[in-house]
Number of protein chains: 2
Amino acid sequence: MELDSSFALFFAIDELRSALGEDAISTDDEDLLRHGYSEWSSINIDQLPVAVAYPQSTEQVSQIAKVCLEYKIPMIPYSGGSSLEANFSAPYGGMSIDFSHMDKILALHADDMDVVVQPSVSWMNLNEEIKDSGLFFPVDPGPSARIGGMVGTSCSGTNAVRYGTMKDWVINLTVVLADGSIIKTRRRPRKSAAGYNLTNLFIGSEGTLGIVTEITLKLTVIPEETSVAVVTFPTIRDAAAAASKVMRAGIPVAAMEIMDEVQMAVINKAGSTSKKWKEMPTMFFKFSGTKAGVRENVKMVKAIARTHRSGDFEFAVDAHEQRTLWSARKESLWSMLALRREGDEVWSTDVAVPLSRLPDIIEVSKTELDALGLFASVLGHIGDGNFHESIMYNSKDPKERAAVEKCVKDMVDRALEMEGTCTGEHGIGLGKKDSLLKELGVDTINVMKSIKGALDPHWLMNPGKIMDVPS
Amino acid sequence: MELDSSFALFFAIDELRSALGEDAISTDDEDLLRHGYSEWSSINIDQLPVAVAYPQSTEQVSQIAKVCLEYKIPMIPYSGGSSLEANFSAPYGGMSIDFSHMDKILALHADDMDVVVQPSVSWMNLNEEIKDSGLFFPVDPGPSARIGGMVGTSCSGTNAVRYGTMKDWVINLTVVLADGSIIKTRRRPRKSAAGYNLTNLFIGSEGTLGIVTEITLKLTVIPEETSVAVVTFPTIRDAAAAASKVMRAGIPVAAMEIMDEVQMAVINKAGSTSKKWKEMPTMFFKFSGTKAGVRENVKMVKAIARTHRSGDFEFAVDAHEQRTLWSARKESLWSMLALRREGDEVWSTDVAVPLSRLPDIIEVSKTELDALGLFASVLGHIGDGNFHESIMYNSKDPKERAAVEKCVKDMVDRALEMEGTCTGEHGIGLGKKDSLLKELGVDTINVMKSIKGALDPHWLMNPGKIMDVPS
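These numbers were taken from a predicted model, which means no experiment stands behind them.

To continue, consider the overall build of chain A. Within chain A, the regular secondary structure consists of 16 helices and 18 strands. The C-alpha radius of gyration of chain A comes to 22 Å, within 12% of the 23 Å expected for a compact globule of 471 residues. When the backbone C-alpha atoms are referred to their principal axes, chain A occupies close to 70 × 60 × 45 Å. Taking all 471 residues of chain A together, the buried fraction comes to 63%. Considering only contacts within chain A whose residues lie at least 6 apart along the sequence, 71% involve residues at least 24 apart. When the accessible area of chain A is evaluated, it comes to approximately 17,100 Å², of which 51% is carbon and sulfur surface. Of the charged side chains in chain A, 49 are positive and 64 negative; the average position of the first set lies 7 Å away from that of the second.

Residues and elements named next belong to chain B. Burial analysis of strand β8 (residues 170-176) places 7 of its 7 residues in the buried class, which makes it a mostly covered element. Relative to strand β9 (residues 182-184), β8 runs antiparallel, the two being bridged by 3 bridges. What sits directly across from Thr174, in β9, is Lys184. Hairpin geometry of β8 and β9 is characterised by an intervening segment of 5 residues between the two adjacent antiparallel strands and by a positive phi of about 90 degrees at Gly180.

Further remarks concern helix α1 (residues 5-20) of chain B. An α-helix turns once every 3.6 residues. As a result, residues three or four positions apart point the same way. All names here are of chain B. Taking 1.5 Å of rise per residue, the 16 residues of α1 would be expected to cover 22 Å, and the 22 Å separating its terminal C-alpha atoms lies within 8% of that figure. Every buried residue of α1 is listed here: Ala8, Leu9, Ala12, Ile13, Leu16 and Leu20. Considered in projection along α1, the buried side chains sweep an arc of 125 degrees and stay on one side of the axis. Along α1, the residues that are exposed and aim more than 90 degrees away from the buried face are Phe7, Phe10 and Ser18. On its buried side, α1 packs onto β1 (25-26), β2 (51-53), α3 (58-71) and β4 (95-98). Among the residues trailing α1, Gly21 stands out with phi positive, at a value near 110 degrees.

This part is about the relation of the copies chain B and chain A. Expressed as a screw operation, the relation of chain B to chain A combines 0.0 Å of axial shift with a rotation of 180 degrees, fitting to an RMSD of 0.0 Å. Seen this way, the second copy is the image of the first under a two-fold rotation axis.

Now for the sheet that holds strand β14 (residues 282-289) of chain B. Residue and element names in this part refer to chain B. An order of β15-β12-β14-β13-β17-β18-β16 is seen for the 7 strands of this open sheet, with the pairing classed as antiparallel. Edge positions in the sheet fall to β15 (314-315) and β16 (344-352), since each of these pairs with one other strand and no more. Note that β16 and strand β18 (residues 386-394) share 9 bridges and pair antiparallel. If you follow Trp347 over to β18, its bridge partner there is Ile391. The sheet strands contacting helix α8 (residues 236-248) are β13 (255-259) and β14, and the helix crosses β13 at an angle near 170 degrees. Where helix α13 (residues 358-371) meets the sheet, its contacts fall on β16, β17 (375-381) and β18, and the angle it forms with β18 comes to roughly 10 degrees.

This part is about the packing of aromatic side chains. Evaluated as defined, the whole model comprises 23 aromatic pairs over all chains. Where A:Tyr78 meets A:Phe88, the ring centres are 5.0 Å apart and the plane angle is 80 degrees; that geometry is what we call edge-to-face. One end of the pair, A:Tyr78, is in strand β3 (residues 75-78); the other, A:Phe88, is in the loop between β3 and β4 (95-98), and 10 residues separate them in sequence. Aromatic pair A:Phe136 and A:Tyr163: ring centres 5.7 Å apart, planes at 90 degrees, arrangement edge-to-face. Placement of A:Phe136 in strand β7 (residues 135-136) and of A:Tyr163 in helix α6 (residues 160-163) is noted, with a sequence separation of 27 residues between them. A:Tyr163 gets classed as buried once you look at its relative accessible area, which sits at 15%. These aromatic residues form a ring-pair network of at least three members: A:Phe285, A:Phe287, A:Phe313 and A:Phe315. Across the ring face of B:Trp277, the terminal group of B:Lys275 is positioned such that the distance to the ring centre comes to 4.9 Å. Its guanidinium or amino end placed over the ring of B:Trp459, B:Lys452 lies 5.3 Å from that ring's centre, counting from NZ or CZ.

Turning our eyes to something else, we now look at the interface of chain B and chain A. Counting residues at the interface gives 85 residues for chain B, matched by 85 residues for chain A. Overall, the association of chain B and chain A removes approximately 6,500 Å² of surface from exposure, summing both partners, and the carbon and sulfur fraction of that is 59%. On the chain B side of the interface with chain A, the three residues burying the most area are B:Lys191, B:Tyr196 and B:Arg248, jointly 15% of the side's total. Here chain B and chain A share 8 salt bridges between them. Ionic pairing is found between B:Asp384 and A:Lys191, a salt bridge with its closest N-O pair at 3.2 Å. Our count for the contact surface shared by chain B and chain A stands at 36 residue pairs in polar contact (both at pLDDT 80 or more). Mapped by element, the contributors of at least two residues to the side of chain B that touches chain A are β9, α7 (198-202), α8, α10 (291-306), α14 (398-417), α15 (433-440) and α16 (442-455) of chain B. Along the lines of polarity and charge, the residues of the side of chain B that touches chain A split into 35 nonpolar, 29 polar and 21 charged.

Looking now at the nonpolar core. Core analysis: the biggest nonpolar cluster contains 170 residues, and A:Phe137, A:Ile147, B:Phe137 and B:Ile147 have the highest contact counts within it. Filtering out sequence-adjacent residues up to four positions away, A:Phe137 remains in contact with A:Trp123, A:Leu126, A:Asn127, A:Ile147, A:Met150, A:Met166, A:Trp169, A:Leu217, A:Lys218 and A:Leu219.

With that out of the way, let us pick up the environment of A:Gly210. Here A:Gly210 is to be found in the loop between α7 (198-202) and β10 (211-218). With residues near it in sequence (within four places) discarded, A:Gly210 still touches A:Val175, A:Val176, A:Phe202 and A:Met461.

The next point concerns the side chain of A:Asp168. Position of A:Asp168 among the secondary structure elements: in the loop between α6 and β8 (170-176). Taking the relative accessible area as the measure of exposure, A:Asp168 reaches 17% and is therefore buried. For A:Asp168, the side chain forms a polar contact with the side chain of A:Lys167, separated by 3.4 Å. Apart from residues no more than four positions distant in its own chain, A:Asp168 is found in contact with A:Tyr163, A:Lys218 and B:Asp168.

This next bit is on the pattern of salt bridges. According to the stated counting rule, one finds 64 salt bridges over all chains in the structure shown. For the salt bridge of B:Asp112 with B:Arg188, the shortest nitrogen-to-oxygen distance reads 3.1 Å. Placement of the pair is B:Asp112 in the loop between β5 (105-109) and β6 (114-117) and B:Arg188 in the loop between β9 and α7, with a sequence separation of 76 residues. Among the ionic pairs, B:Asp360 bridges to B:Arg357, the shortest N-O distance being 3.0 Å. A relative accessible area of 31% places B:Arg357 in the partly exposed class. Sharing partners across several salt bridges, the network here consists of A:Asp112, A:Asp114, A:Arg188 and B:Glu419.

A few words on the sheet that holds β10(A). All names here are of chain A. Taken in spatial order, the 5 strands make up an open sheet running β5-β6-β10-β8-β9, and their pairing is antiparallel. Because the sheet does not close on itself, it has two edges, and the strands there are β5 (105-109) and β9 (182-184). Ignoring strand direction, the axes of neighbouring strands in this sheet form an average angle of 10 degrees. Summarising the sheet, strand β6 (residues 114-117) and β10 pair through 4 bridges and their orientation is antiparallel.

Given a rise of 1.5 Å per residue, 14 residues ought to cover 20 Å, and the 20 Å separating the end C-alpha atoms of helix α16 (residues 442-455) of chain A matches this to within 8%. Buried within α16(A) we find A:Thr444, A:Ile445, A:Val447, A:Met448, A:Ile451, A:Lys452 and A:Leu455. Looking down the long axis of α16(A), one finds its buried residues gathered within 150 degrees of arc, a one-sided arrangement. Tucked into the core, α16(A) has its buried residues touching α7 and α15 (433-440) of chain A together with β9, α7 and α16 of chain B.

Our focus in this paragraph is unusual backbone geometry. Phi at A:Asn462 is positive, roughly 40 degrees, even though this residue is not glycine. With respect to the element layout, A:Asn462 can be found in the segment after α16.

Attention now goes to the packing of helix α13 (residues 358-371) of chain A against helix α14 (residues 398-417) of chain A. For any two helices packed against each other, one specifies the inter-axial angle together with the distance between the axes. All names here are of chain A. Across the interface, α13 lies against α14 with an axial gap of 10 Å and an inter-helix angle of 160 degrees. Taken together, the axes of α13 and α14 lie roughly antiparallel to each other. You can see that α13 and α14 cross each other, and the crossing is right-handed. Along its contact with α13, which presents Ile361, Val364, Ser365, Glu368 and Leu369, the element α14 presents Lys406, Cys407, Asp410, Met411, Arg414 and Ala415. Residues belonging to the contact of α13 with α14 are distributed by class as follows: 6 nonpolar, 1 polar and 4 charged.

To continue, consider the UniProt feature "domain: FAD-binding PCMH-type" (unreviewed entry) in chain A. Mapped onto this numbering, the UniProt entry annotates "domain: FAD-binding PCMH-type" (unreviewed entry) at residues 45-222 of chain A. Here residues 45-222 of chain A runs as 21% helix and 24% strand, with 42 Å between its end C-alpha atoms.

What counts, and where the lines are drawn
Residues numbered from 1 in each chain as written. Chains lettered and ligands numbered in written order. Predicted model: local features only at pLDDT ≥ 70, side-chain atom pairs only at ≥ 80, totals over all residues. Heavy atoms only, no water. Helix = DSSP H or I, 4+ residues; strand = E, 2+ residues; numbered from the N terminus. Rg over C-alpha atoms; globule rule 2.2 N^0.38 Å. Buried < 20%, exposed > 50% of the residue type's maximum accessible area, 1.4 Å probe, protein only. Contact = heavy atoms within 4.5 Å. Areas by Shrake-Rupley, 256 points an atom, 1.4 Å probe, with all protein chains shown as cover. Lys, Arg positive; Asp, Glu negative; His and termini not counted. Charge placed at Lys NZ, Arg CZ, Asp CG, Glu CD. Pairing = 2+ DSSP bridges. Expected span 1.5 Å × (residues − 1). Arc of directions from axis to C-beta. Least-squares fit on C-alpha atoms with pLDDT ≥ 70 in both. Axes fitted to C-alpha atoms, helices over the stretch in contact; angles between N-to-C directions. Phe/Tyr/Trp six-rings, centres within 6.5 Å; stacked < 30°, edge-to-face > 60°. Lys NZ or Arg CZ within 6 Å of the ring centre and 35° of its normal. Buried area = accessible area lost by both parts, 1.4 Å probe. Salt bridge = Lys/Arg side-chain N within 4 Å of Asp/Glu carboxyl O. Polar contact = N/O pair within 3.5 Å; in protein donor to acceptor, adjacent residues only side chain to side chain. Nonpolar A, V, L, I, M, F, W, Y, C, P; charged D, E, K, R; others polar. Core = buried A, V, L, I, M, F, W, Y, C linked by side-chain atoms within 4.5 Å. Parallel < 35°, antiparallel > 145°, perpendicular 65-115°, else oblique. Left-handed = near helix turned anticlockwise from the far one by under 90°. UniProt positions renumbered as here; feature names shortened; annotations may be inferred.

Here it is in structure tokens:
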């Protein structure tokens, strides 16, 4: 640092307020807390950002970056604030850059099947706004996620088994680099082999290489027919075996989700839906396509499920009930949070493994959770080999915290032994840096560090995330 | 260079022959020519590689890289040799690294739906070898392409409209870096959000960042039913309009290709198929899925085509005829090459544009080709906005060569004006560096150069491709 850091900050804020207006920078305590702490996160730290910037345009983000570079102030992008691994925390203080004023759909190109958006557009609002075009954006993480953060964490969701993940749906990005320069990673063709795939390098880089300010997304056609069904199985292993057969039969399910008996009980207790669920391992299916196609797929899936001791399929009778059934799945984390007593926290985390290993890792992990007496639920994107654990614990009890930490560490180690990954869709953030190193080894991490150092020589872009800042 | 380059080469070859065996390095003239010149390429240069290495393993590639680094010798990976933009040419001489001894399928994990292969595995052989598993690898570029080169150029093919491109089908890569160190970009989960997406950074980097020695590919299920149909349209615009409606209706065609009247005449003249084709704009459709699904899709596509003045659909009656019909499409470039007279060359190139602009760019480009009196055919991956021109010209006639160059340059400029890209699937190589700069601008190219410089500080990995070597 060239100046004492509090002087640097003072000058930087002053400069930015002069340039962008008084309201462009906040140092309000509540604002700082909201941008540095999250009750959903697996980890929280004492340090908060020291200011929050509210840019209105790519050019303003560029100005912010130039000033931050001048005074060597870390920059941390913020959109939905729903990430789970402290991805937007501020271990080195610095400036949180909140995109709440950059929440516009800039252009819908229906004939090209794409849309240009700003980072703070929510995927749910986007789909609501564009539905008359007959098109939709299929990546569906937690309901509060916004496109900017979805790019940052390379997220996915329940539709991934059919439609893939964030990296499959971005055509180009506009990015402000560490020195304030503005680049576009591609023009607007759906397909390109022109030079390095910078689009996919920035996706999942959690703001450590640059700040994404504009995103062109691919869209796809809203299916003619959608059907949602729920079915129970006596064990997770039966459910997983059925899911595996569905995949190997090539049946194009739109989504295939599993929740364990604990998660179903949580939904009942939290009263998130009007329905009373059987407290058994339960699979949620979404089918979509033409009417005839959906009918055919449902028939094939039912036949497979029956050979694995499924209960009866319960179908939603209308679009409203479809949303209700599916919301039980989408709001599972919130249901868990709703059950906390004073002092409780929920540690929610994910891993992914090769498809055939999912039942093994779920079974062993559940056994360990039970043995340690932890209250925890499991749910999985079973067609992707990706599953989540949500563990409730008393944050005031160091023994309980230690037990949870051990469970998570063991789950990650098991995933790695099975040639899996420490995170299928949440990202690394602060929480999983050691796991990433264990997963890929020091030489691969060094490649990431070289790229980071080349694009951000002062390590000002979301420092401390994904990898440690060199000492 | 620390040594006079011919001394350096002498020492390097000597060292490598001692370590890897006499046959591991060739300096045979014909071998050098085959590794530095291609009759398919849009561009050829006088310089050839000065040696060809034939490694047998990742460890041997690492040894080669260490020696090349020591003596500052460029390294150029080579697999199928069918790229079109001089992607494997040797403008700075150096060592061509030919993977012909690394052509094994290392592991098929049918339950995980993936396969681990070496770079010289051909995608067609791969599918033949694994077909009993009920799985296949869907990326289908030219028949002679091999997986290593397919990774390097980020290729695609006729199946892309349904299945996506190379970047969607790679789980992990083993890569030898410029200093000889060996990294793996990920373990083996189908989905991961763990750190930078190095897999997709190496895909399409044309060997300029590292040498790919092992690839884990996703596989998918062989559809129960496949149907191939051919139909003519009075104009390209009618065909394109029909294609656009098929896309917007969300009909999951497996492939949708267009060839113009010239290309159909070329196939007739070359006698590539036993059939006599109508010399009109022609669309090739592939449908796949369940029997009922295919029936339904065919019906919908026929109805759309009819409203755009299509002729009758001609369906292949059996698997053999399917292959025959489809081979007319797959071997279109070879048909063109077969018609060359003494001194003729074929310039084959591609661009991609946002979907709605494809008919415009095809029409204008054909008009220009006609006006200049060039013999040229057009074909397109019409569902991807990607099309190819193959232009025949007399290489001894500088006026003709200049005319072809102008046509290609104009086609690229038009694609860029339409927010498209200078290449949808062939890559940049030597041929399109200026176009890439025009497409993305100097700041984006500088990001690519920073990454290149960080991973390969001596610019030894396939130098001169994608971007110029800094002077």
